[in-house]
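Summary of the model geometry
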Amino acid sequence: MTRRRLVLLFLAAFLLIGSAGQAQAAGYRYWSFWDRDGGKWVYATQGPSMVRPSDGDVQGFRFAVSENSGDAAQPRGTADFASICAKTPAEEGSKRVALVLDFGTAPDAPSGETPPASRTACAQLSPDATTADALAAVADPLRYNTNALLCAIAGYPKSGCGEQVSQKEDSSASAAPKATEDESDEDGPSIGLYAGIAVVAALAAAATWQSRRRRNASR
């Protein structure tokens, strides 16, 4: 193995490591679901069809490109229940749920679509109604896929549902906040990264063996 070939193989291995790191940056375009807890948003652990909010709850939805729940973009704005439901008086035998609908930014929008302006709504429902019922009451038409994943609110977007976004598109979605260093580590290094490290180690061993062989031959 010549020195030149070793150098080329080392470069190829390092390029493999770099490309593996970039591949981890790919995200998904979807509606995320949130609960308002005091002054902060908390990522919902169940889908809207499973959650039965209480009277006075504030829930939010945000359309964006995100890698996972750890880096998902939160609904924007500071509207609370009192301001959202100010014009919807309480009624006996019903509950009121405040909704924040954030359609995201232009970089996060599917090709050819423009996100509507963000808005709020107050849904007045029966006590056993779900968040999905609240959405249907104030933000129709809704669209779901065969796995009951929420794909569109108020008809947006017109197509697509949780599709993966290419690295080029993902890099242009500047509105979606990136994960912190600790959050990025949760998913761990990719298989490609480990493969690249293994290639580098193997090449280093080969270079050492070749060097020892030449020294022995010259004696």
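Residues numbered from 1 in each chain as written. Predicted model: local features only at pLDDT ≥ 70, side-chain atom pairs only at ≥ 80, totals over all residues. Heavy atoms only, no water.

The helix and strand inventory of the protein chain stands at six helices and eight strands. A total of 219 residues make up the protein chain; the buried ones form 34% of that total. Counting contacts in the protein chain only where the partners sit at least 6 residues apart, residues at least 24 apart contribute 68% of the total. Total accessible area computed for the protein chain in this model is approximately 12,800 Å², and 54% of it derives from carbon and sulfur atoms. (Helix = DSSP H or I, 4+ residues; strand = E, 2+ residues; numbered from the N terminus. Buried < 20%, exposed > 50% of the residue type's maximum accessible area, 1.4 Å probe, protein only. Contact = heavy atoms within 4.5 Å. Areas by Shrake-Rupley, 256 points an atom, 1.4 Å probe, with all protein chains shown as cover.)

Among the nonpolar cores identified, the biggest contains 20 residues, and Trp31, Phe61, Leu99, Leu101, Leu135 and Ile153 are the most heavily contacted of them. Only β1 (27-37), β3 (58-66), β4 (95-102), β5 (119-125) and α3 (131-138) provide two or more residues apiece to this core. A total of three residues in this core trace back to one element, the largest contributor, which is β4. Beyond its immediate sequence surroundings of up to four residues, Leu99 is in contact with Gln59, Phe61, Ile84, Arg119, Thr120, Ala121, Ala134, Leu135 and Val138. One finds Trp34, Trp41, Phe81 and Cys122 within the second-largest nonpolar core, a separate group that totals 11 residues. (Core = buried A, V, L, I, M, F, W, Y, C linked by side-chain atoms within 4.5 Å.)

Right, let's talk about the pattern of salt bridges for a bit. The final tally for this structure, using the stated rule, is three salt bridges. Between Asp102 and Arg62 there is a salt bridge, and its shortest N-O distance comes to 3.7 Å. Of the two residues, Asp102 is situated in strand β4 and Arg62 in strand β3; the sequence distance between them amounts to 40 residues. Each of the two residues, Asp102 as well as Arg62, counts as buried. Linked through salt bridges whose partners overlap, the residues forming this network are Arg62, Arg76 and Asp102. (Salt bridge = Lys/Arg side-chain N within 4 Å of Asp/Glu carboxyl O.)

Here we come to the confidence of the model for the protein chain. Caution applies to low-pLDDT regions: their predicted coordinates should not be interpreted in detail. Per-residue confidence for the protein chain gives a mean pLDDT of 78, with 64% of residues at or over 70. Segment residues 6-24: pLDDT under 50, and 28 contacts once partners within four positions in sequence are set aside and those in other chains are kept. Below pLDDT 50 for its whole length, residues 171-200 participates in 39 contacts with residues either more than four positions away or in separate chains. (pLDDT = per-residue confidence, 0-100.)

The subject of this paragraph is the side chain of Ser32. Mapped onto the elements, Ser32 comes out in strand β1. In this view, Ser32 contacts Tyr43, Gly60, Phe61, Arg62 and Ala73; residues no more than four positions away in its chain are not counted.

This next bit is on the state of the cysteines. All told, the structure shown has two disulfides when counted by the stated rule. A sulfur-sulfur distance of 2.0 Å marks the disulfide that ties Cys85 to Cys122. Between Cys85 and Cys122, the S-S dihedral sits near 100 degrees, and the bridge is therefore right-handed. Residue Cys85 is found in the loop between α2 (81-84) and β4, and its partner Cys122 is found in strand β5; the two are separated by 37 residues along the sequence. (Disulfide = S-S within 2.5 Å.)

In this structure the tally under the stated criterion is six aromatic pairs. On the basis of an interplanar angle of 70 degrees and a centroid distance of 5.3 Å, the ring pair of Phe63 and Tyr156 is categorised as edge-to-face. Here Tyr156 lies in the loop between β7 (150-152) and β8 (164-165) and Phe63 lies in strand β3, a separation of 93 residues in the sequence. For the pair shown, Phe63 and Tyr156 are each scored as buried. (Phe/Tyr/Trp six-rings, centres within 6.5 Å; stacked < 30°, edge-to-face > 60°.)

On to α3, then. Where α3 is concerned, the buried positions are Thr131, Ala132, Ala134 and Leu135. Projected onto a plane normal to the axis of α3, the buried residues spread over an arc of 155 degrees and lie on a single side. You can read the cap of α3 off the contacts: a side-chain oxygen lies 3.4 Å from the backbone nitrogen of Ala132, and it is on Thr130. (Arc of directions from axis to C-beta. Polar contact = N/O pair within 3.5 Å; in protein donor to acceptor, adjacent residues only side chain to side chain.)

Mapping Trp41 onto the fold places it in strand β2 (residues 40-43). The class for Trp41 is buried, based on a relative accessible area of 8%. Trp41 sits 35 residues away from Arg76 along the chain, and the two C-alpha atoms are 9.7 Å apart. Sequence-distant contacts of Trp41, defined by excluding residues within four places in its chain, comprise Trp34, Asp35, Arg36, Val58, Gln59, Gly60, Gln74, Pro75, Gly77 and Val100. At 3.3 Å, the side chain of Trp41 and the backbone oxygen of Pro75 are in polar contact.

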